[in-house]
Amino acid sequence: MIIWFSGSGNSLSVARTLAEKTQDTLLHLNDAPAANLSGEKVIGLVYPTYSYDAPLKIKEMLGSIRFPKDAYLWIVVTGGSIGALLGMYLFRHKTQHRKFTLGVPAMP
Ligand SMILES: Cc1cc2nc3c(=O)[nH]c(=O)nc-3n(C[C@H](O)[C@H](O)[C@H](O)COP(=O)(O)O)c2cc1C
């Protein structure tokens, strides 16, 4: 099972590729708290990094997902400053903060 969250599609694309290659199934983060994961031996999480952190939605919802105790968990976090820059100006997020307007283009 691969639980995914994506703002602009990159993480979904990564999750889809991983699901295809591992013959696994996808589950949107919103559906994860209600899902019965008890039979899952391997569970993946795919989400983007926002401002050097996990998206708030991930942090808020992780606690309400019932992960089986014996499941192997893996996480893939997508990132990249070009996406960050596009997202910042597209959604007018933090565009008035010098820390971000100067800091994001300098990110690796
Ligand atoms: C508000 C915002 C903040 C971001 N912050 C970072 C960051 O700190 N580090 C990074 O490498 N990428 C950052 N990014 C880039 C995204 O993590 C990257 O584009 C990711 O692939 C987006 O995934 P998504 O299309 O699934 O939402 C940020 C993007 C946005 C929109």
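Going by the structure above, here's the rest.
### A word on the overall build of the chain
So, point 1. The helix and strand tally for the chain stands at 4 helices and 4 strands.
So, point 2. For the chain, the N- to C-terminal ordering of α and β elements is β-α-β-β-α-β-α-α.
So, point 3. C-alpha extents for the chain along the principal axes are approximately 50 × 30 × 20 Å.
So, point 4. Put simply, the chain has 108 residues, and 17% of those count as buried.

### Focus: the site of the ligand
So, point 1. The ligand sits among 21 residues. The nearest are Gly7, Ser11, Gly79, Gly83 and Gly87.
So, point 2. Here the shell around the ligand is built from residues that sort into 6 nonpolar, 15 polar and no charged.

### Here we look at the pairing of strand β3 (residues 42–48)
The side chains of a regular strand alternate, residue by residue, between the two faces of the sheet.
So, point 1. Within β3, 6 of the 7 residues are buried, which leaves the element mostly enclosed by the surrounding structure.
So, point 2. Bridge count between strand β1 (residues 2–4) and β3: 3 bridges; the pairing is parallel. Residue Ile2 lies in a different strand from β3, and its bridge partner there is Gly44.
So, point 3. The sheet contact formed by β3 and strand β4 (residues 72–78) spans 7 bridges and is parallel. Residue Pro48 lies in a different strand from β4, and its bridge partner there is Thr78.
So, point 4. Regarding the hand of the β-α-β motif, the stretch spanning β3, helix α2 (residues 56–62) and β4 is right-handed.

### Some remarks on the sheet that holds strand β2 (residues 26–28)
So, point 1. If you trace the 4 strands from one edge of the open sheet to the other, you get β2-β1-β3-β4, paired in parallel fashion. Strands at the two margins of the open sheet, each flanked by one partner only, are β2 and β4. Each neighbouring strand pair of the sheet contributes to a mean axis angle of 25°, computed without reference to strand direction.
So, point 2. Running at roughly 155° to β3, helix α1 (residues 10–22) makes contact with β1, β2, β3 and β4 of the sheet.

### Some thoughts on the nonpolar core
So, point 1. Membership of the largest hydrophobic core is limited to 12 residues, which are Ile2, Ile3, Trp4, Phe5, Ala15, Leu27, Leu29, Ala32, Ile43, Leu45, Val46 and Tyr47.
So, point 2. Ranked by residues supplied to this core, first place goes to β3 with 4 residues.
So, point 3. Ignoring anything within four residues of it in the chain, the contact list for Ala15 reads Ile2, Trp4, Leu26 and Val46.

### Remarks on unusual backbone geometry
So, point 1. A positive phi angle, near 55°, is found at Gln23, a position not held by glycine.
So, point 2. Tracing the chain through its elements places Gln23 in the loop between α1 and β2.

### Here we look at the environment of Ile65
So, point 1. Structurally, Ile65 is set in the loop between α2 and β4.
So, point 2. Overall, the presence of 16 C-beta atoms within 10 Å leaves Ile65 in the partly exposed class.
So, point 3. Remark: the alpha-carbon pair of Ile65 and Leu29, spanning 36 residues in sequence, is separated by 9.0 Å.
So, point 4. Non-local contacts of Ile65, meaning those with residues more than four positions away in its chain, are made with Ala32 and Pro33.

Rules of the game
Residues numbered from 1 in each chain as written. Predicted model: local features only at pLDDT ≥ 70, side-chain atom pairs only at ≥ 80, totals over all residues. Helix = DSSP H or I, 4+ residues; strand = E, 2+ residues; numbered from the N terminus. Buried ≥ 20, exposed ≤ 12 C-beta atoms within 10 Å, placed from the backbone. Near = placed C-beta within 6 Å. Nonpolar A, V, L, I, M, F, W, Y, C, P; charged D, E, K, R; others polar. Pairing = 2+ DSSP bridges. Right-handed = clockwise from strand over helix to strand, strands pointing away. Axes fitted to C-alpha atoms, helices over the stretch in contact; angles between N-to-C directions. Contact = placed C-beta atoms within 7 Å. Core = buried A, V, L, I, M, F, W, Y, C linked by C-beta atoms within 7 Å.

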